[in-house]
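Notes for the structure review
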Amino acid sequence: MMQISQASSTAITRYYGTLPPSTANKSSLGSPNQDKVSLSQEGKKLQEISALSIASLMENFMDGAGKDGKITLDEMKAFAEKKYKVADEAFQQVLSDLGITDSASIKVNIGKKGQITVSSNLSKQDNDRLQTALNDSQTFSQAFRAAASTKETIAASERGLAFAAAYAQDPKAAVARYGIGSKSHAGQAFITYSEGASSLEYETLMSMF
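Rules behind the numbers
- Residues numbered from 1 in each chain as written.
- Predicted model: local features only at pLDDT ≥ 70, side-chain atom pairs only at ≥ 80, totals over all residues.
- Heavy atoms only, no water.
- Phe/Tyr/Trp six-rings, centres within 6.5 Å; stacked < 30°, edge-to-face > 60°.
- Helix = DSSP H or I, 4+ residues; strand = E, 2+ residues; numbered from the N terminus.
- Buried < 20%, exposed > 50% of the residue type's maximum accessible area, 1.4 Å probe, protein only.
- Core = buried A, V, L, I, M, F, W, Y, C linked by side-chain atoms within 4.5 Å.
- Contact = heavy atoms within 4.5 Å.
- Salt bridge = Lys/Arg side-chain N within 4 Å of Asp/Glu carboxyl O.
- Axes fitted to C-alpha atoms, helices over the stretch in contact; angles between N-to-C directions.
- Parallel < 35°, antiparallel > 145°, perpendicular 65-115°, else oblique.
- Left-handed = near helix turned anticlockwise from the far one by under 90°.
- Nonpolar A, V, L, I, M, F, W, Y, C, P; charged D, E, K, R; others polar.
- Pairing = 2+ DSSP bridges.

1. Points about the packing of aromatic side chains
Scanning the model with the defined rule gives four aromatic pairs in all. Between Phe-91 and Tyr-193 the ring centres are 5.7 Å apart and the planes differ by 75°, which places this aromatic pair in the edge-to-face class. Remark: Tyr-193 occurs in strand β3 (residues 184–194) and Phe-91 occurs in helix α3 (residues 73–98); sequence separation between them is 102 residues. The burial state of Phe-91 is the same as that of Tyr-193; both residues are buried. When the ring of Phe-140 is compared with that of Phe-144, the centres are 5.4 Å apart and the planes differ by 25°; the resulting orientation is stacked. Taken together, the positions of Phe-140 and Phe-144, both in helix α5 (residues 138–169) and four residues apart, correspond to about one turn of that helix. The residues Phe-140 and Phe-144 share a single accessibility class, namely buried.

Here it is, written out as structure tokens:
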């Protein structure tokens, strides 16, 4: 049966908005000794359909990067870069259409409700016009969301790998440094624009106990 890593599950959730029920954390189902259930023929068919749905989802996820049942960091980085280039082209076109000059300093985020938000040194009217245009651009919004969610998944994966390596050397020091097990580090990817050039960045926003 195809297995999906935690990083892949996170990326699928951010990119597609949800995960099939069968990809949920198995720990929520209890131990093997608890509540054994016998599946009917209908149940078995549904289980098979669910497995095929997951396989189909993975084959199409990140332009086919998940077709072998796993996604590497290199594949995620390539996908994020590809989607960012699409987003940047659309972003530059919107700026040109609105007559926004290279002197503008702009930061583009994804808000808590999934909307595109813009902060800048533009006038409020121009800032609002830009924000509306970016939300209205399906090409930009889809590509930016895909690039940003993948960038965030990469950051979380790299942090996990770094913690694992440090933990193997000194567990106490690793926990103290990375806060794994005691803190959850939230981060966000965003686009910055200055002097006519843009880039996709990532920053840690907060640590929550």
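The discussion continues.
2. Observations concerning the nonpolar core
A general feature of soluble globular proteins is that nonpolar side chains tend to end up buried together. Of all hydrophobic cores here, the largest spans 24 residues; its most connected members are Phe-91, Ile-106, Val-108, Leu-130, Leu-134, Phe-140 and Phe-144. Among the secondary structure elements, those contributing two or more residues to this core are α3, β1 (105–110), β2 (116–120), α4 (124–136), α5 and β3. Top element by residues in this core is α3. It accounts for six residues. With near-sequence residues (within four places) excluded, Leu-134 lies in contact with Phe-91, Val-94, Val-108, Ile-116, Val-118, Phe-140 and Ser-141.

3. Things to note about the pattern of salt bridges
All told, the structure shown has four salt bridges when counted by the stated rule. The residue Glu-158 makes a salt bridge to Lys-77 at a minimum N-O spacing of 3.1 Å. Of this pair, Glu-158 sits in helix α5 while Lys-77 sits in helix α3, and the two are 81 residues apart along the sequence. For Lys-77, a relative accessible area of 39% gives the class partly exposed. Two residues, Glu-203 and Lys-107, come together in a salt bridge whose shortest N-O distance is 3.1 Å. Highlighted residues: Glu-203 in strand β4 (residues 197–208) and Lys-107 in strand β1, separated in sequence by 96 residues.

4. Points about the packing of α3 against α4
Closest axis-to-axis distance for the α3/α4 pair is 10 Å, and the angle between their directions is 135°. Overall, the two elements α3 and α4 adopt an arrangement that is oblique. In this structure, α3 crosses over α4, and the sense of that crossing is right-handed. Taking contact as the criterion, the partners of Phe-91, Val-94, Leu-95 and Leu-98 in α3 are, on α4, Arg-129, Leu-130, Ala-133 and Leu-134. A class-by-class count of the residues in the contact of α3 with α4 yields seven nonpolar, no polar and one charged.

5. Things to note about the pairing of β2
In this sheet, β2 lies alongside β1 in antiparallel orientation, the contact comprising five bridges. When the sheet's bridge partners are listed, Asn-109 is paired in β2 with Thr-117. Connecting the antiparallel pair β1 and β2 is a turn made up of five residues, with Gly-114 showing a positive phi of about 90°.

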